[in-house]
Amino acid sequence: MYGSNAGRVRRARRASARTGTTATVALLLLAVAGCSSDESASPKKEPPALSQASQLPKSISPFWVNPDGTAAKEATRLREGGKKRDAELIQKIAGQPVAEWVGADDPEGQTRGFTQAAAKADRDALLVLYNIPHRDCGQYSQGGAADGNSYRVWLDKAVRGIGDRRATVILEPDALPHMEDGCTPQQFHEERFALLKEAVGKLKALPRTRVYLDAGNPSWVTPADRMVDPLRRAGIDQADGFALNVSNFQTTDDSKAYGRRLSTLVGGKHFVIDTSRNGNGPLSGADHEKAWCNPSGRALGEPPTVKTGDALVDAYLWVKRPGESDGACKGGPDAGQWWETYALELARNAR
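Residues numbered from 1 in each chain as written. Predicted model: local features only at pLDDT ≥ 70, side-chain atom pairs only at ≥ 80, totals over all residues. Heavy atoms only, no water.

Our focus in this paragraph is the overall build of the chain. Summing up its helical and strand segments, the chain has eleven helices and seven strands in all. In the chain, which comprises 351 residues, the proportion classed as buried is 62%. Summarising the internal contacts of the chain: among those between residues at least 6 apart in sequence, 77% fall at separations of at least 24. (Helix = DSSP H or I, 4+ residues; strand = E, 2+ residues; numbered from the N terminus. Buried < 20%, exposed > 50% of the residue type's maximum accessible area, 1.4 Å probe, protein only. Contact = heavy atoms within 4.5 Å.)

Right, dumping it as structure tokens:
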């Protein structure tokens, strides 16, 4: 996951060499993108209990706040342990809707559980499908389905679990940018385009599912024109739009500028921006891995909302789960694992 931001020194270097930017690239940039919360690298997630949590007004954010999420549990633990201030900081994360990353194990049970819980609260589930073969170029969030047919079986199960309930899906962080930056070997490209296009079609055949293809971030694959052909081959014409800055730290303004340019090239498609950790923008003046893997001094960004003030930006979302590590760097745990120290720093620095 953090493939996007998630782990990609090698791809980051390639992208940087082409663009001259030092930004994150990471996840490779999703590393730049931040791909990464390897949510699939996390322990198997059981479907959430159908307990109720304080939901945000639907007019501001229609997305479901998981009452049983990791941040909520950590806030409770800290509160019960007498660490009231720390609990209040973690509550800044727990009180917001964050994406649920659907892993390799039991995709049908996971998507059904999350969408049922969201429906009970009269909210939309926010999901990330992240299991493409040859994922993350063998770095922190490496993995994915064994082959194309295995992916199709996994996808069909995830689709069945969503069913007719409302869901917004971010499809395969890093998958397209890693082909364009040369990280994913050429022999896998045709299959990947086919799998992504099939995924878009199957998800859009559901009655109430919105789909956004990941398109990297403004410091990764540049200029934006380079993402046009990959998006078209992956089915952007059928999708609702594309997603930017997944698991990365690029500013909202930079993401908007990149997204507007890309939108004009792909038929005026709308887009969403991951603002989970971009409150202080990217770390500058550091080498690639330091810029994208658990960089210091970062902050929570704008809370999730559909009130973006921009007709092309459908929502600001917390796709990367704040507080979960990008990978085993800077003393952090494996990708997708909760790291209290980092979570507290993000919350303290939030404006």
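With respect to the helices and strands, the residue Q91 is situated in helix 3 (residues 84-94). Ignoring sequence-local partners within four residues, the contact set of Q91 consists of A75 and R79.

That bond from T222 to P223 is cis: its omega, -5 degrees, falls within 30 degrees of zero. Mapped onto the secondary structure, P223 falls in the loop between strand 4 (209-214) and helix 8 (228-233). Phi is positive for D106, which is not a glycine, with a value near 50 degrees. Mapped onto the fold, D106 is located in the loop between strand 1 (100-102) and helix 4 (107-120). Relative accessible area serves as the criterion here: at 37%, D106 is assigned to the partly exposed category.

This next bit is on the sheet that holds strand 3 (residues 167-171). Strand order in the open sheet formed by seven strands is 1-2-3-4-5-6-7, with parallel pairing between adjacent strands. This sheet does not close on itself; its edge strands, each paired only once, are strand 1 and strand 7 (313-317). Neighbour to neighbour, the strand axes of the sheet diverge by 30 degrees on average, direction disregarded. Taken strand by strand, helix 5 (residues 148-162) contacts strand 1, strand 2 (125-129), strand 3 and strand 4, and its axis lies near 175 degrees from that of strand 2. Each of strand 5 (241-244), strand 6 (270-274) and strand 7 touches helix 9 (residues 252-265); the most contacted strand, strand 6, lies at about 155 degrees to it. (Pairing = 2+ DSSP bridges. Axes fitted to C-alpha atoms, helices over the stretch in contact; angles between N-to-C directions.)

So, about the packing of helix 3 against helix 11 (residues 340-349). Orientation of helix 3 relative to helix 11, taken along the N-to-C sense of each, is 80 degrees, at an axis distance of 9 Å. Regarding the angle of helix 3 to helix 11, the classification is roughly perpendicular. Where helix 3 abuts helix 11, its residues D86, L89, I90, K92 and I93 lie against A343, L344, A347 and R348. Across the contact of helix 3 with helix 11, the residue classes tally to six nonpolar, no polar and three charged. (Parallel < 35°, antiparallel > 145°, perpendicular 65-115°, else oblique. Nonpolar A, V, L, I, M, F, W, Y, C, P; charged D, E, K, R; others polar.)

All right, on to the packing of aromatic side chains then. Summed over the entire model, instances satisfying the criterion amount to five aromatic pairs. For the ring pair W339 and Y342, a centre distance of 5.6 Å and an interplane angle of 15 degrees mean the geometry is stacked. On the accessibility criterion, Y342 (4% relative accessible area) is buried. (Phe/Tyr/Trp six-rings, centres within 6.5 Å; stacked < 30°, edge-to-face > 60°.)

Turning our eyes to something else, we now look at the side chain of D86. Here D86 is to be found in helix 3. R348 provides the closest opposite charge to the buried, unpaired D86, separated from it by 4.1 Å. Contact partners of D86, with chain neighbours within four places excluded, come to L78, L344 and R348. (Lys, Arg positive; Asp, Glu negative; His and termini not counted. Salt bridge = Lys/Arg side-chain N within 4 Å of Asp/Glu carboxyl O.)

On to the nonpolar core, then. Within the largest apolar cluster, 51 residues are counted, with the highest numbers of intra-cluster contacts made by L171 and L231. Other than its neighbours up to four places away in sequence, L171 contacts L129, Y151, L196, A199, V200, L203, V211, Y212, L213 and D214. By size, the runner-up hydrophobic cluster in this structure holds 20 residues, among which are A71, L89, L344 and L346. (Core = buried A, V, L, I, M, F, W, Y, C linked by side-chain atoms within 4.5 Å.)

Empty space within the second largest pocket amounts to approximately 160 Å³. Considering the residues around the second largest pocket, the lining is formed by K92, Q96, G279, L300, G301, E302, P303, W318, A350 and R351. Residue composition of the lining of the second largest pocket, grouped by class: four nonpolar, three polar and three charged. (1 Å grid on protein atoms, 1.4 Å probe; cavity = no way out; pocket = protein on both sides within 12 Å on 5 of 7 lines; lining within 4 Å. Points joined across faces, edges and corners; volume = space filled by probe spheres on them.)

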